[in-house]
Amino acid sequence: MICNLCPRKCGAVRTEHSGKGFCKMGTLPVVARIAPHFGEEPCISGTRGSGTVFFSGCTMKCVFCQNYEISQKGKGVTLTPKQLADGYKMLEEAGVHNINLVTADHFVEAVAESLSIYRPKLPIVYNCSGYTSPKTLTMLSGLVDVYLPDFKYADDSLAKKLSSAPEYTRTATTAIQEMLFQVGKPVFDGDGMIKKGVIVRHLILPAHTRNSIAVLEHLDRYFKKEILVSLMCQYVPCGEARRDSKLGRKITKREYEKVKCVMLELGFDGFTQDMSSAMEDYIPKWDLGEEHDE
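What you see as residue numbers is a count from 1 along each chain, following the sequence as written. The predicted origin of the model limits local features to residues at a pLDDT of at least 70 and limits the giving and counting of side-chain atom pairs to 80 or more, whereas totals for whole chains, interfaces and linings rest on all residues. Only hydrogens and water are removed before side-chain values are computed, so all heavy atoms of the structure are retained for them.

S.K.: So what's going on with the overall build of the protein? Residues and values would help.
M.R.: Think of it this way: any DSSP run of H or I at least four residues long counts as a helix, any run of E at least two long counts as a strand, and we number them from the N terminus. Helix and strand counts for the protein come out as 10 helices and 12 strands. Scaling as 2.2 N^0.38, a compact globule of 294 residues should have a C-alpha radius of gyration of about 19 Å, and the protein matches this with 18 Å. The rule is simple: take the accessible area with a 1.4 Å probe, protein chains only, and divide by the maximum for that residue type; under 20% is buried, over 50% is exposed, in between is partly exposed. With 294 residues in all, the protein has 56% of them scored as buried. Across the protein, the fraction of contacts at a sequence separation of at least 24, relative to all contacts at a separation of at least 6, is 70%. Each accessible area is a Shrake-Rupley estimate made with a 1.4 Å probe; only the visible protein chains count as cover when residues are assessed. Total accessible area computed for the protein in this model is approximately 13200 Å², and 50% of it derives from carbon and sulfur atoms. In this tally Asp and Glu are treated as negative and Lys and Arg as positive; neither His nor the chain ends contributes. Think of each charge as sitting on NZ of Lys, CZ of Arg, CG of Asp or CD of Glu. Where the 37 positive side-chain charges of the protein centre and where its 35 negative ones centre are 5 Å apart. Our radius of gyration looks at C-alpha atoms and nothing else; its globule reference is 2.2 Å times the residue count to the power 0.38. Any pair of residues with heavy atoms lying within 4.5 Å of one another is described as a contacting pair.

Here you go:
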């Protein structure tokens, strides 16, 4: 295929097993982990876990990515849409609350096909960077129940510098508008688990509280009454960020409280994290390849 799925529209040639685009991936999904996960928001993880499917490759290149082994190094196993659908069945049988597709934008066609093969009787969560094109989201219309996008930056120059993502703010804003059009305001079941809606995540970066406050103000201006906000303090320096003068540390309690106070003042509904979440122990093990080799 000639690929224009992501906002870059790079027109790269992608075959099933190789690709020359920014994501460096073929069209068949490369998956690093399929397992229940308990580190998501309470209304997603619940008591039985979220059925996560972690895809390799990414349409961004964040210097601080905590999942860099799969997002940038491509660790994982290639699956067909049928095998992906079998993974959903396995997770459903394990009793998870939902199926959580993590960073799947560049495999959206195979994901849509997998859900046509088998649609679990569970909410489908689409967990993405926010740097997502309307074309991709249109292909997911009617297939996704809960959107879980990031909103990383309100500063395009910072987005380009740290994530190689030009025009990030406009792109993420347009993406969330489409997500809301598809699924509407949050809806919960009797146990407090989310069934439909949009939760926007923001990860606070060390020495960048001004960007975080600007993100919250932007979300307040465009989406306040329609979304939930998840404010995250779990940043741990990984990959290239370990050598960066600003990004090479965790955020401080003072930085977190400064941003959290703005979130509360703006009156957002949503979630905040405990500072203890900033640990590498919370990063999943990318073990699908190991299981495949046994």
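Moving on from the coordinates now.
S.K.: Describe in detail the state of the cysteines, supporting the description with residues and values.
M.R.: Pairs of cysteine sulfur atoms within 2.5 Å are what we label disulfides. Enumeration according to the criterion identifies 0 disulfides in this entry. Between Cys10, a free cysteine, and Cys6, which holds the nearest cysteine sulfur, the sulfur-to-sulfur gap is 5.7 Å. Looking at Cys128, it has no disulfide partner, and the nearest cysteine sulfur is the one in Cys58, 9.9 Å off. By relative accessible area, which is 2% here, Cys128 ends up buried.

S.K.: Go over the pattern of salt bridges, please, and point to the residues and values.
M.R.: Salt bridge, as used here, is a side-chain nitrogen of Lys or Arg placed within 4 Å of a carboxyl oxygen of Asp or Glu. In the structure shown here, the tally under the stated rule is 10 salt bridges. A salt bridge links Asp145 to Arg119, with the nearest nitrogen and oxygen atoms 3.1 Å apart. Here Asp145 is found in the loop between helix H5 (134-140) and strand S8 (146-149), whereas its partner Arg119 is found in the loop between helix H4 (108-117) and strand S7 (124-128), with 26 residues between them in sequence. For Asp145, a relative accessible area of 14% translates into the label buried. In this structure, Glu255 and Arg249 form a salt bridge, with 2.9 Å as the shortest nitrogen-oxygen distance. On the accessibility criterion, Glu255 (11% relative accessible area) is buried.

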